[in-house]
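A closer look at the structure
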Amino acid sequence: MAATLRKKKPKNQSAEAQFNYNLNSHSKSKDLRSALSLYDSSTGGETAVRLSQHHFNTLLYLCSISLADPSAKDLALEHGFRIYDHMVASGVKPNEASITSVARLAAAKGDGGYAFDLVKNLIAEKSLPRLRTYDPALFCFCEKLEADRAFEVEEHMGSNGVVLEEAELAALLKVSSETGKQQKVYEYLQKLRKAVRCVRQETADVIRDWFDRFDCDGVELDVGLIRDAIARNGGGWHGLGWTGEGKWAVERGRVDVAGKCLCCGEQLACVDIAEEETEMFARSITGLALDREVKANFSEFQDWLEKNGHYEAIVDAANVGLYQQNFSEGGFSISQLDAVVKELYNRNGKKWPLIVLHNKRVRALLENASHRKFIEEWKENGALYTTPHGSNDDWYWLYAAVKLRCLLVTNDEMRDHIFELLGSSFFIKWKERHQVKYTFAKGTLKLQMPAPFSVVIQESEKGSWHVPIAGSDTEESAQTWLCITRTSSADKTPKESMTMEASENGHENCCKSHHASDISDSKTTAITGKRKERSPSHS
């Protein structure tokens, strides 16, 4: 019975159909030798099969994936280039997949130049390369320590909108390190910081190897200049080049729950998006809101916020009021909302947060005498903004939190389509720094503040580096880090003491009091998450 159910090979096939059937079978089983035998027997004589782009690509792909097999590598190289030449001679246009396979063959022979030329020719034919198309040339140049050629490939990738990932950046970092190009190492460390949160162990080894061999002193910069750059960048890095003096010391260690490195004692930063990114984020929200809201309404809110921008926290009132109200007698819980508002008020030096609530909801609350007192109190203290009829209050509370650089109290995961329109390049980082979640356990409010530090590559004002290594640990306190410091400056302090305002500027522990816990247990914890504007330059 099983034999009768087995898929049978179709009868009376044309030569082309039979070739296609057999080639697909060999491709599925990754059988290079059988595929090449089929190719040789089907491309000569009167019964020769006219091969399509798909056929050539399948054969080239089989050759490229067989390079990892020592017993098949020579066979793959010998036939791969011949098949590609046949493809071109037959007038079949190679596409990105074709070029990627042949570029891998070229790199396997150590010919990164040919692999790179293939990519350039692909672009000349108006086809777009992908990361995988460039990889053979890039990795080949890096392995052969042809650093300048590798940098040329990277520049070419950028000009064609191809974004490097950790493997590519690690290769460029390694070739820069092994050829002693210290400024390039610094450049790729910064690019790595931007591209990934935690590095793989292989990348950590490359970084450690560099600092073990690098003993040049950095430039001496004014600490105010460094702090200004860190504040402008959102904290956690300055990007001004190597600083400090003395030999580097590299250790593996951990960071405590408050963000203090247990190796060197340095406090890690809670990293925000940069000032430029914040402004761009606010403009993006404005553009999308004006397309979807009544322009006059949202513009009026912007004008109002410009005149009333003193808030340290924004409350998504609908989200709080409707929390866990999905039961038969449930409704909008103004008591929950008031608990959040009062907690923020008390924790922030008697400063009111901004409550954003739709006017339809406000009108309903005013009809209830016991609820009316809350609304009136908030209005009297300038703590309530009522969004107009037909509006989506999501745009209002999000814009306010971004524009004012302050905390946002909401359990909204912000995964709706309107948030997808904003993109995710820095949205996730922004949420980690600014979103405050909450729970009500048996009626008791608990606010979960942003973490006191960010698990990302960090460069301090002293010139030290902290690099988190990817692993199985999910707890931040169990995360393994590379701690990289200058031995001669490990005990030195900056030229001037760090002030609280500088801390709020984002380059120190900007959320030190915001550890993810029940802050209701401490009545002295301030909760401001606002990043203050930089002071004017005195130059």
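Note: the structure precedes this text.
Presented here is a report on the structure given in the accompanying data block.

How each quantity is defined
- Residues numbered from 1 in each chain as written.
- Predicted model: local features only at pLDDT ≥ 70, side-chain atom pairs only at ≥ 80, totals over all residues.
- Heavy atoms only, no water.
- Buried < 20%, exposed > 50% of the residue type's maximum accessible area, 1.4 Å probe, protein only.
- Helix = DSSP H or I, 4+ residues; strand = E, 2+ residues; numbered from the N terminus.
- Pairing = 2+ DSSP bridges.
- Polar contact = N/O pair within 3.5 Å; in protein donor to acceptor, adjacent residues only side chain to side chain.
- Arc of directions from axis to C-beta.
- Contact = heavy atoms within 4.5 Å.
- Core = buried A, V, L, I, M, F, W, Y, C linked by side-chain atoms within 4.5 Å.

Thoughts on the pairing of strand 7 (residues 444–448)
What you see with strand 7 is a clean split: Leu-445 and Leu-447 sit on the buried side and Thr-444, Lys-446 and Gln-448 on the side with no burial. Two elements, strand 6 (residues 435–441) and strand 7, share five bridges in a ladder whose sense is antiparallel. Looking at strand 7, one finds that Thr-439 is bridged to Lys-446. Linking strand 6 back to strand 7 in an antiparallel pair, the connection comprises two residues, with Lys-442 at a positive phi of about 55°.

Regarding the side chain of Gln-479
Looking at the secondary structure, you find Gln-479 in the loop between strand 9 (465–469) and strand 10 (480–486). Gln-479 gets classed as buried once you look at its relative accessible area, which sits at 8%. A polar contact of 2.4 Å, which involves the side chain of Gln-479, links it to the backbone oxygen of Ile-469.

What about helix 22 (residues 427–434)?
Restricting attention to buried positions, one finds in helix 22 the residues Phe-427, Trp-430, Lys-431, Arg-433 and His-434. Projection of helix 22 onto a plane perpendicular to its axis shows the buried side chains occupying an angular sector of 165°, all on one side.

Considering the side chain of Gln-190
Mapping Gln-190 onto the fold places it in helix 11 (residues 182–195). The class for Gln-190 is buried, based on a relative accessible area of 9%. Beyond its immediate chain neighbours, meaning those up to four positions away, Gln-190 contacts Trp-237, Gly-239, Glu-459 and Trp-465.

Some details on the nonpolar core
Within the largest apolar cluster, 73 residues are counted, with the highest numbers of intra-cluster contacts made by Ile-207, Phe-211, Trp-242, Trp-465 and Ile-484. At seven residues, helix 5 (residues 70–89) tops the list of elements feeding residues into this core. Residues within four places of Trp-465 in sequence aside, it is in contact with Tyr-186, Leu-189, Gln-190, Phe-211, Trp-242, Trp-248, Ile-457, Gln-458, Glu-459, Leu-482, Cys-483 and Ile-484. Of all hydrophobic cores here, the second largest spans 30 residues; its members include Val-356, Tyr-396, Leu-398 and Met-414.

From the geometry alone we can't say anything about function, so treat these as descriptive.
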